[in-house]
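What follows is each chain in one-letter form.
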Amino acid sequence: MPTYAYACKDCSHAFDIVQSFTDSTLTSCPECQGTLRKKFNSVGVVFKGSGFYRTDSRDSKGSTVSASPAASAPAPAAAPAASSAAPAAAAAS
């Protein structure tokens, strides 16, 4: 269940409370019965390390990831298929 932070507008009392998503928002301060406001903080999830950003998987200038020798070797050229079919087509006509 999430933890919500509240602060009183009248006495400035601040506190955190664990509430379900279906629980209603608190409206009165437990200290002075004043008006409460819900405080919004940064998200509690932090992604650290490589692999979380779109640019992490791409080669870029200054990249610390080195390519393996097999990956950097050029692929063999494919033989053109149309050149072997052209003499057969010419002989048939």
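Computed from a predicted structure; not experimentally measured.

Visitor: Just to check I follow, could you spell out the overall build of the protein for this structure?
Guide: Broken down by element type, the protein carries two helices and three strands. Ordered by position in the sequence, the α and β elements of the protein form the string β-β-β-α-α. Looking at the 93 residues of the protein, the share that counts as buried comes to 11%. For the protein, restricting intrachain contacts to residue pairs at least 6 apart in sequence, the fraction spanning at least 24 positions comes to 31%.

Visitor: Please explain the nonpolar core as it appears in this structure.
Guide: The biggest cluster of nonpolar side chains holds five residues, and these are Tyr-6, Cys-8, Phe-15, Cys-29 and Leu-36. Those residues within four positions of Leu-36 in sequence are excluded, and the remaining contacts are Tyr-6, Ala-7, Cys-8, Phe-15, Leu-26, Thr-27, Ser-28 and Cys-29.

Visitor: Any chance you could explain the packing of aromatic side chains here in plain terms?
Guide: Within a pair of aromatic rings, the relevant descriptors are the distance that separates the centres and the angle that separates the planes. Under the definition given, this model contains one aromatic pair. With a centroid separation of 5.8 Å and an interplanar angle of 25°, the aromatic rings of Tyr-6 and Phe-15 are classed as stacked. We classify Tyr-6 as buried; its relative accessible area is 0%. For Lys-38, the ring lying beneath its charged end belongs to Tyr-4, and the centroid distance is 4.3 Å.

Visitor: Mind showing me how you'd approach a nonpolar patch on the surface here?
Guide: A cluster of nonpolar residues, Val-43, Val-45 and Phe-47, forms a patch on the protein surface that exposes about 330 Å² of accessible area. For Val-43, the location among the structural elements is in the loop between strand S3 (36-39) and helix H1 (69-72). For Val-43, a relative accessible area of 65% puts it in the exposed group.

Visitor: Sorry, what's going on with the sheet that holds strand S1 (residues 3-8) here?
Guide: To summarise the sheet geometry, strands pair through backbone hydrogen bonds and adopt either a parallel or an antiparallel arrangement. Spatial strand order, S2-S1-S3: three strands in an open sheet with antiparallel pairing. If you trace the sheet from one side to the other, it starts and ends with strand S2 (14-18) and S3, each paired once. If you compare each strand with its neighbour and ignore which way they point, the axes differ by 35° on average. In the sheet, S1 pairs with S2 via five bridges, with the strands oriented antiparallel. Among the inter-strand pairings, Tyr-6 is bridged to a residue of S2, identified as Phe-15.

About the thresholds
Residues numbered from 1 in each chain as written. Predicted model: local features only at pLDDT ≥ 70, side-chain atom pairs only at ≥ 80, totals over all residues. Heavy atoms only, no water. Helix = DSSP H or I, 4+ residues; strand = E, 2+ residues; numbered from the N terminus. Buried < 20%, exposed > 50% of the residue type's maximum accessible area, 1.4 Å probe, protein only. Contact = heavy atoms within 4.5 Å. Core = buried A, V, L, I, M, F, W, Y, C linked by side-chain atoms within 4.5 Å. Phe/Tyr/Trp six-rings, centres within 6.5 Å; stacked < 30°, edge-to-face > 60°. Lys NZ or Arg CZ within 6 Å of the ring centre and 35° of its normal. Patch = residues over 30% accessible without salt bridge, like charges linked within 9 Å, V, L, I, M, F, W, Y side chains within 5 Å. Areas by Shrake-Rupley, 256 points an atom, 1.4 Å probe, with all protein chains shown as cover. Salt bridge = Lys/Arg side-chain N within 4 Å of Asp/Glu carboxyl O. Pairing = 2+ DSSP bridges. Axes fitted to C-alpha atoms, helices over the stretch in contact; angles between N-to-C directions.

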